[in-house]
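The lines below spell out each chain.
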Amino acid sequence: LTKTSYNSPSPKIDPRKVTLPKPFVVCITGGGRGLGEAYAIAYAQAGASHIVLAARSMNELEAAKANVQKINPGTKASIVKCDVTKEDDAKALKEIIEKDCDGRLDVLVNNAGFLDDEAGWKPITEGDPENFRRTLDVNVFGVYLITRALLPLLLGTEGGAKTVVGITSMSSHFASYSISMALSKLALNRFIEFLDREYGSQGLVSHALHPGGVPTKLSTGDGVPKELQKYLTAEPELSAHMLVWLTKERRKWLSGRYVACTWDVDELEEKKDEITEEDKLKF
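Since the structure is predicted, the reported quantities are computational estimates derived from the model, not experimental observations.

Reading guide: rules and limits
- Residues numbered from 1 in each chain as written.
- Predicted model: local features only at pLDDT ≥ 70, side-chain atom pairs only at ≥ 80, totals over all residues.
- Heavy atoms only, no water.
- Helix = DSSP H or I, 4+ residues; strand = E, 2+ residues; numbered from the N terminus.
- Pairing = 2+ DSSP bridges.
- Axes fitted to C-alpha atoms, helices over the stretch in contact; angles between N-to-C directions.
- Contact = heavy atoms within 4.5 Å.
- Buried < 20%, exposed > 50% of the residue type's maximum accessible area, 1.4 Å probe, protein only.
- Right-handed = clockwise from strand over helix to strand, strands pointing away.
- Salt bridge = Lys/Arg side-chain N within 4 Å of Asp/Glu carboxyl O.
- Disulfide = S-S within 2.5 Å.
- Phe/Tyr/Trp six-rings, centres within 6.5 Å; stacked < 30°, edge-to-face > 60°.

1. Re the environment of Glu270
For Glu270, the position within the fold is in helix α8 (residues 265-270). Residues Glu270 and Glu130, spaced 140 residues apart in sequence, show a C-alpha to C-alpha distance of 45 Å.

Put into structure tokens, the structure is as follows:
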């Protein structure tokens, strides 16, 4: 979309130059490692008052929490053991936010994901049906469950950012990627559009954010083709800094739309009228 693109963060989106409103509460699923931890650190650098990290591994969550509070001792952090595909865990996450954050929630980052790094790359008849199901369970149903549970807090936070972000993938544009990942992220993009249609009038803002090609534990599994892995050159901080830029203010003009962290934000803002008048960046 923009002529200029990045694989590493531009100084213009440095979260350390951001002053978030007070209070500002963020919840990040998949927050124990990789992109999720990078997101938490960026929000801490920007001065978020409270960050809630949710993931399945308590050991990873403890380490991420320590890193967040090392970056900014003034940022409170809560950790929640959570499988996003379980409704009871989604309800428990809501209860923790109600207890620890007085029910305030400004931004929900749906980052938890699963990549079937073997069957997803094979022909349909050779893949494992259970791994295919797991990919869609985490990447689609999990986003649905967590968002459904936390929407009342987002919409009920007076003066809040009221923002939902789904971490998507460029694979949603192509039929040459893992079939399960591509389908799940395409569905996620559409889910973000539905959020805008159904709750935009109540003040909700929603975005699908492509984090770039980042080498993570998820994207560098044994089953991921080596010819693809050579394109994983984006730094996790690029996505993290873009996420803070995207949510530091209510960007209603980008609500319901796909945004790539590799884009130049100044050039993106120059296209604001074009994007809104022609209803671009949707599926």
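That covers the picture; the talk isn't over yet.
2. Overview of the sheet that holds strand β3 (residues 76-81)
Spatially, the seven strands line up as an open sheet ordered β3-β2-β1-β4-β5-β6-β7, and their pairing is parallel. Edge strands, defined here as strands with exactly one partner in the open sheet, are β3 and β7 (257-260). Direction aside, the axes of adjacent strands within the sheet are offset by 20° on average. When strand β2 (residues 50-55) meets β3, the two strands line up parallel, connected through six bridges. Pairing of Ala55 across the sheet is with Lys81, part of β3. Against the sheet, helix α3 (residues 87-100) engages β1 (25-29), β2 and β3, with an angle of about 160° to β3.

3. What to know about the pairing of strand β5 (residues 163-167)
Across the five residues that make up β5, a large majority, five, are buried. Going residue by residue along β5, you find Thr163, Val165 and Ile167 tucked away on one face and Val164 and Gly166 tucked away on the opposite face as well. Direction of pairing for β5 relative to strand β6 (residues 205-210): parallel, over a ladder of five bridges. Pairing of Val165 across the sheet is with His207, part of β6. Taken together, β5, helix α5 (residues 179-199) and β6 constitute a β-α-β crossover, and its handedness is right-handed.

4. Some details on the pattern of salt bridges
In this structure the tally under the stated criterion is 19 salt bridges. Across the pair Asp196 and Lys252 runs a salt bridge whose closest N-O atoms are separated by 3.5 Å. Of this pair, Asp196 sits in helix α5 while Lys252 sits in the loop between α7 (236-247) and β7, placing them 56 residues apart in sequence. Where salt bridges share partners, they join Lys271, Glu274, Glu278 and Lys280 into one cluster.

5. A closer look at the state of the cysteines
Among covalent bonds in proteins, the disulfide is the one between the sulfur atoms of two cysteines. The final tally for this structure, using the stated rule, is zero disulfides. You can see Cys101 has no disulfide; the closest cysteine sulfur is in Cys27, sitting 8.5 Å from it.

6. Here's the deal with the packing of aromatic side chains
Following the criterion strictly, the structure yields four aromatic pairs and no others. Their ring planes at 20° and their centres at 6.0 Å tell us that Phe141 and Tyr144 sit as a pair that is stacked. Of this pair, Phe141 and Tyr144 both sit in helix α4 (residues 129-156), separated by three residues, roughly a single helical turn. Classification of Phe141 by relative accessible area gives partly exposed; the value is 37%. Relative accessible area serves as the criterion here: at 37%, Tyr144 is assigned to the partly exposed category. Here the aromatic rings of Tyr258 and Trp263 are separated by 6.2 Å at their centres, their planes lie at 65°, and the arrangement is edge-to-face. Per residue, the accessibility class of Tyr258 equals that of Trp263, and both read buried. What links up through ring pairs into an aromatic cluster is the set Tyr258, Trp263 and Phe283.

Everything listed here is a matter of coordinates, which is why it stays silent on function.
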